[in-house]
Amino acid sequence: MARKKNTKLKILYLKDMLEEASREGRALTMRDLIDRLNELGIAAERKSIGDDLSALKTYGLPIARKRNGRASGDFLRPDP
């Protein structure tokens with residue numbers, strides 16, 4: 001039950017995670033995001049996180065993707 005309660009906060013947690021990682025100069029992989037949300041008691045799947053990242057982009061967050069070989073991660077582009 002507790003997992004459902006925090007689901008509404010998922011998109012806000014994702015925003016916070018991206019902001020924190022970007023300040024540290026890192027990108028977060030999908031696995032990083034899923035694991036961190038699980039630690040917060042929020043069940044998350046790749047597709048729902050993708051949808052949330054898309055919504056955050058539409059909202060205006062400058063989310064970009066960094067590729068490193070086969071792995072890729074998301075981060076916030078610095079302000080110009």
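The structure this text deals with has already been given above.
Residues numbered from 1 in each chain as written. Predicted model: local features only at pLDDT ≥ 70, side-chain atom pairs only at ≥ 80, totals over all residues. Heavy atoms only, no water.

Peer 1: Explanation requested: the pattern of salt bridges in the structure shown.
Peer 2: A pair can form between side chains of opposite charge whenever their charged atoms are brought close. Tallied over the full model, the rule gives 6 salt bridges. Put simply, Asp 52 and Lys 10 hold a salt bridge, and the shortest N to O gap is 3.0 Å. Placement of the pair is Asp 52 in helix H4 (residues 46-59) and Lys 10 in helix H2 (residues 10-23), with a sequence separation of 42 residues. This pair shows no difference in class: Asp 52 is buried, exactly as Lys 10 is. Here Glu 19 ties to Lys 15 by a salt bridge, and the two come within 2.8 Å at their closest N and O atoms. Note that Glu 19 and Lys 15 are positioned in helix H2 at a spacing of 4 residues, about one turn of the helix. The exposure class of Glu 19 is partly exposed, given its relative accessible area of 25%. (Salt bridge = Lys/Arg side-chain N within 4 Å of Asp/Glu carboxyl O. Helix = DSSP H or I, 4+ residues; strand = E, 2+ residues; numbered from the N terminus. Buried < 20%, exposed > 50% of the residue type's maximum accessible area, 1.4 Å probe, protein only.)

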